Amino acid sequence: MSTAVEPSEGTTLTKEHPLPAEPVPGPRTHKPARARAVELQGFRGLAALSTVVFHVWQQYYTYDAAGAHPPVDNPYLGALISLEVIDLFFVMSAYLLTLSYARAAIDGPAAGGSGVRSGRDFLFRRAVRILPLYFLAVLVVWSSRNPTLPGDWRDLVGHLTFTHVLDRERIFYTLGPTWSLSLEVAFYLALVALGPLAIRACARLATRRARVALCLSGCAALFAAPVLWISYAHYALDVPYTDWPVYFGPQARFGGFAAGMALAVLLVALGERGRVDARVATTLSLAALGGLYALSYTADPENVPHTYYHPLAALLWFVLLLATLHLRERDGRRVRWHGLLRARWVTGVGLISYSLYIWHEPVMLELDKWGLLPRGQLGFAVGTLTVVAVAAVVGAASYWLIEYPAALLGRARDARGAPREFYPETGGDTAR
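What counts, and where the lines are drawn
Residues numbered from 1 in each chain as written. Predicted model: local features only at pLDDT ≥ 70, side-chain atom pairs only at ≥ 80, totals over all residues. Heavy atoms only, no water. Helix = DSSP H or I, 4+ residues; strand = E, 2+ residues; numbered from the N terminus. Buried < 20%, exposed > 50% of the residue type's maximum accessible area, 1.4 Å probe, protein only. Lys, Arg positive; Asp, Glu negative; His and termini not counted. Salt bridge = Lys/Arg side-chain N within 4 Å of Asp/Glu carboxyl O. Contact = heavy atoms within 4.5 Å. Phe/Tyr/Trp six-rings, centres within 6.5 Å; stacked < 30°, edge-to-face > 60°. Patch = residues over 30% accessible without salt bridge, like charges linked within 9 Å, V, L, I, M, F, W, Y side chains within 5 Å. Areas by Shrake-Rupley, 256 points an atom, 1.4 Å probe, with all protein chains shown as cover. Axes fitted to C-alpha atoms, helices over the stretch in contact; angles between N-to-C directions. Parallel < 35°, antiparallel > 145°, perpendicular 65-115°, else oblique. Left-handed = near helix turned anticlockwise from the far one by under 90°. Nonpolar A, V, L, I, M, F, W, Y, C, P; charged D, E, K, R; others polar. Core = buried A, V, L, I, M, F, W, Y, C linked by side-chain atoms within 4.5 Å. Expected span 1.5 Å × (residues − 1). Bend = angle between axes of the 7 residues up to and from the residue. Arc of directions from axis to C-beta.

- By the naming in an unreviewed UniProt entry, the chain goes by Acyltransferase and is assigned to Streptomyces lasiicapitis.

See the structure below:
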């Protein structure tokens, strides 16, 4: 059974950030991928709520000479709450952002549509979606915890440069869960470097099958590299799991992104072929979810499920998303549990999920500081409802006041990535 990780100063660990995702790129002919966008938003909403509940669960852990004690002494419930969703977000992010590169590599640059952007434009659009809210939150929270200068300036610099994931002491300071944003940034840089290389390499291959094989081989290599690193660090170097940068850095966690890239390549390669019906999709989904639960239940520090938790979880999330995205069009609404993914309250949480993720930990700690969370392990249920409710309100306000307006900066560039001309010169008489 999974045990809670040891808390750092005012922080909680793991569970992943739901970043604002790019719209599904590509030409209008890719209707099935677009049709499943609502389900992806639903996944984001459920995973964001799971993240909040997990961190409240961690907050209510108690520690004594006998060890750590969860709020509810039920290993089955603990496994469910502790089921980490970090790799789900990595897989979804990589899938969406790799689609246009996969289409251009496999079917030619024209197939990528307007989604294949220059590296500069790609990074600009990701920056305006992520950085304004992130930098504001880091400055607000760091300032509140460092009222006199210079304060812990290394912590501030690390968070502002996304290098805190390399700092064993401060990796979970200020905004604890945002260590994973460092990995997202590393993925963006890797994608803008590898995507064009893949397109150029595939252009030299004569057959579509060869291009697909090359892309999938690259994804497999990117997935295998972290597995090899984890094996070397754990079994050869005997590095303990509490050496956070070793097991939380991109060298150990890139497998989720590689799985998402492979999902994009596979779905582009298949096109309309091999789509599954509702019954097969349900079976695959239940198998993946069951595997994820079993992984969470059996993972204990230093055992095999714990050591390889994230590569294995990435593969299971891959299967779940494949079953969701590669449905036959007529079966799109026949998978019953997808009704939950399409529920308005779930997709609504998905919409504000990035803001909810950024603010929920500071909200929880402030509520606890002011005595607004019930004390003791018996208060876990009420405490969870309180944190979810308050954090949702703060997240919604943050989305509409900060995140959404900042994302509009993306309109400063046109579809070609060039600066948009908002006041073009007009010839002839001007309108009176």
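## Focus on the side chain of Arg211
Then, in step 1: Positionally, Arg211 belongs in helix H8 (residues 208-236).
Then, in step 2: Buried within the structure, Arg211 lacks any salt-bridge partner; Asp107 is the closest side chain of opposite charge, at an N-O distance of 5.3 Å.
Then, in step 3: For Arg211, the contacting residues outside a window of four places in its chain are Ala105, Ile106, Cys202, Leu205 and Ala206.

## Some thoughts on the packing of aromatic side chains
Then, in step 1: Under the defined criterion, the tally for this structure stands at 26 aromatic pairs.
Then, in step 2: Between Tyr293 and Tyr297, the ring centres sit 6.4 Å apart and the planes meet at 20°, which makes this aromatic pair stacked. Of this pair, Tyr293 and Tyr297 both sit in helix H12 (residues 278-298), 4 residues apart, which is roughly one turn of the helix.
Then, in step 3: On the basis of relative accessibility, which here comes to 27%, the residue Tyr293 falls in the partly exposed class.
Then, in step 4: Judged by relative accessible area, which is 26%, Tyr297 ranks as partly exposed.
Then, in step 5: Linked through ring pairs, Phe90, Phe122, Phe187, Tyr188, Phe254 and Phe257 together constitute an aromatic cluster.

## Describing a nonpolar patch on the surface
Then, in step 1: On the surface, a cluster of nonpolar side chains totalling about 510 Å² of accessible area is made up of Leu351, Trp400, Leu401, Tyr404 and Leu408.
Then, in step 2: Looking at the nonpolar patch element by element, the count peaks at 3 residues for helix H18 (residues 380-407).
Then, in step 3: Within the secondary structure layout, Leu401 lies in helix H18.

## Considerations on the pattern of salt bridges
Then, in step 1: Considering all chains together, one arrives at 8 salt bridges under this definition.
Then, in step 2: Asp107 is paired through a salt bridge with Arg208; the nearest N and O atoms lie 2.6 Å apart. Linking Asp107 in helix H4 (residues 86-107) with Arg208 in helix H8, this pair joins segments that are 101 residues apart in sequence.
Then, in step 3: Between Asp368 and Arg375 there is a salt bridge whose closest N-O contact spans 3.0 Å.
Then, in step 4: Asp368 sits in the partly exposed class, given a relative accessible area of 22%.
Then, in step 5: A relative accessible area of 58% means that Arg375 is categorised as exposed.

## Quick word on the packing of H4 against helix H14 (residues 309-325)
Then, in step 1: Interhelical geometry of H4 versus H14 gives an angle of 55° and a closest axis separation of 9 Å. Accordingly, the angle class assigned to the pair H4 and H14 is oblique. Remark: the crossing between H4 and H14 carries right-handed chirality. Of the residues in H14, those in contact with Ile86, Asp87, Leu88, Val91, Met92 and Tyr95 of H4 are His310, Ala313, Ala314, Trp317, Leu321 and Leu325.
Then, in step 2: Residues that form the contact of H4 with H14 fall into these classes: 10 nonpolar, 1 polar and 1 charged.

## Details of the nonpolar core
Nonpolar side chains tend toward joint burial in soluble globular proteins.
Then, in step 1: Counting residues in each nonpolar core, the largest one holds 87 residues, and the members touching the most others are Tyr95, Phe187, Trp317, Leu321 and Ile358.
Then, in step 2: Broken down by element, this core gets its largest block of residues, 16 residues, from H4.
Then, in step 3: Excluding its chain neighbours within four sequence positions, the residues that come into contact with Ile358 are Leu133, Tyr134, Ala137, Leu175, Thr178 and Leu181.
Then, in step 4: Counting 19 residues, the second largest nonpolar core, distinct from the first, contains Tyr60, Tyr61, Met364 and Leu367.

## Focus on helix H7 (residues 179-203)
Then, in step 1: Between the first and last C-alpha of H7 there are 37 Å, a value that for 25 residues agrees with the 36 Å anticipated at 1.5 Å per step.
Then, in step 2: Within H7, the axis deviates most sharply at Leu191, by approximately 25°.

## Digging into helix H16 (residues 344-351)
Since one α-helical turn is 3.6 residues long, residues separated by three or four positions face the same way.
Then, in step 1: Among all positions in H16, only Val346, Thr347, Val349 and Gly350 are buried. The buried side chains of H16 occupy one side of the element, clustering within an arc of 155° when seen end-on. Facing away from the buried side of H16 by more than 90 degrees, the exposed set consists of Arg344 and Trp345.
Then, in step 2: Check the buried side of H16 and you find it contacts helix H2 (37-59), helix H15 (338-342) and helix H17 (353-369).

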